[in-house]
Amino acid sequence: MTTDRIFLMGMPGSGKTTLGKGLAAYLDLPFIDLDVEIELDEGRTIPEIFEQYGEEYFRKLEAKVLRNLVANKDRFLMSLGGGTPCYMENLEVLKKEGKSIYMEVSAQELFKRLHGSGASKRPLLNGKSQDQLLKELEDKLNVRNSFYRQADLVAKGDNLSISEVLKLLND
Ligand SMILES: Nc1ncnc2c1ncn2[C@@H]1O[C@H](COP(=O)(O)OP(=O)(O)O)[C@@H](O)[C@H]1O
Ligand SMILES: O=C(O)C1=C[C@@H](OP(=O)(O)O)[C@@H](O)[C@H](O)C1
Ligand SMILES: [Mg+2]
């Protein structure tokens, strides 16, 4: 299977954007962050899109932008949004069009990373008490794991490094 098209999936805070940039540089692949592409396409930030049009609109936009990118680019490492594989039959696109990696991080670790300012840029997690945030992360992880675990590779750990993910890809 081609490793010229890699998709990183996982929960918000799992490191898709942060590790994705480094991984893309190591692999000499153009880096794409799907959330950034959605913002460019729409001319609004993710929080603005949710606020003004709601989640359903966002999911349709996400599905459209994903398909456009895949149709037009041969090589990339793409960091997806946390929900991307779980809606609009996007998982089928991901499975067909490249190699997918699930960055599996525990809900407790996600909470540690997101409980400060991290939630404010993420409309689905914003404005919650600490208890609510942890519960929401646990619930979402439970539901989404059935999608994420269909990835071609699983990089599991609360302290994942670029080299660990690279090793997984090369094994
Ligand atoms: N492997 C990691 N170890 C420790 N902290 C991390 C790691 N990956 C990401 N983070 C931190 O978690 C937060 C969210 O990371 P981000 O890359 O935006 O996640 P995602 O794109 O998956 O939502 C950031 O503050 C980032 O510094
Ligand atoms: O989990 C989700 O449904 C979402 C995650 C976000 O991306 P990150 O996973 O990069 O935070 C972004 O796509 C949007 O706020 C919805
Ligand atoms: Mg991200």
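Just above sits the structure.
Source: prediction; values computed, not measured. (Residues numbered from 1 in each chain as written. Chains lettered and ligands numbered in written order. Predicted model: local features only at pLDDT ≥ 70, side-chain atom pairs only at ≥ 80, totals over all residues.)

Asks: Go over the site of ligand 1 with me, naming the residues and quoting the values.
Replies: Close to ligand 1 lie 14 residues, the nearest being Gly-15, Lys-16, Thr-17, Thr-18 and Arg-113. Residue contributions to the shell around ligand 1 peak at four residues, all from helix 1 (residues 16-27). Taken together, the residues that form the shell around ligand 1 break down as three nonpolar, nine polar and two charged. (Near = placed C-beta within 6 Å. Helix = DSSP H or I, 4+ residues; strand = E, 2+ residues; numbered from the N terminus. Nonpolar A, V, L, I, M, F, W, Y, C, P; charged D, E, K, R; others polar.)

Asks: With reference to specific residues and values, describe the environment of Cys-86.
Replies: With respect to the helices and strands, Cys-86 occurs in the loop between strand 3 (76-79) and helix 5 (90-97). Of the residues examined, Cys-86 has 18 C-beta atoms within 10 Å and is grouped as partly exposed. Separated by 59 residues in sequence, Cys-86 and Asn-145 have C-alpha atoms that sit 9.3 Å apart. (Buried ≥ 20, exposed ≤ 12 C-beta atoms within 10 Å, placed from the backbone.)

Asks: Any details on the pairing of strand 1 (residues 5-9)? Residues and values, ideally.
Replies: Extensive coverage of strand 1 is indicated by the burial of four of its five residues. Sheet topology note: the strand 1/strand 3 ladder contains four bridges and is parallel. Considered in strand 3, the bridge of Arg-5 is made with Phe-76. Alignment of strand 1 against strand 4 (residues 99-104), held across four bridges, turns out to be parallel. Bridged to Leu-8 within strand 4 is Ile-101. (Pairing = 2+ DSSP bridges.)

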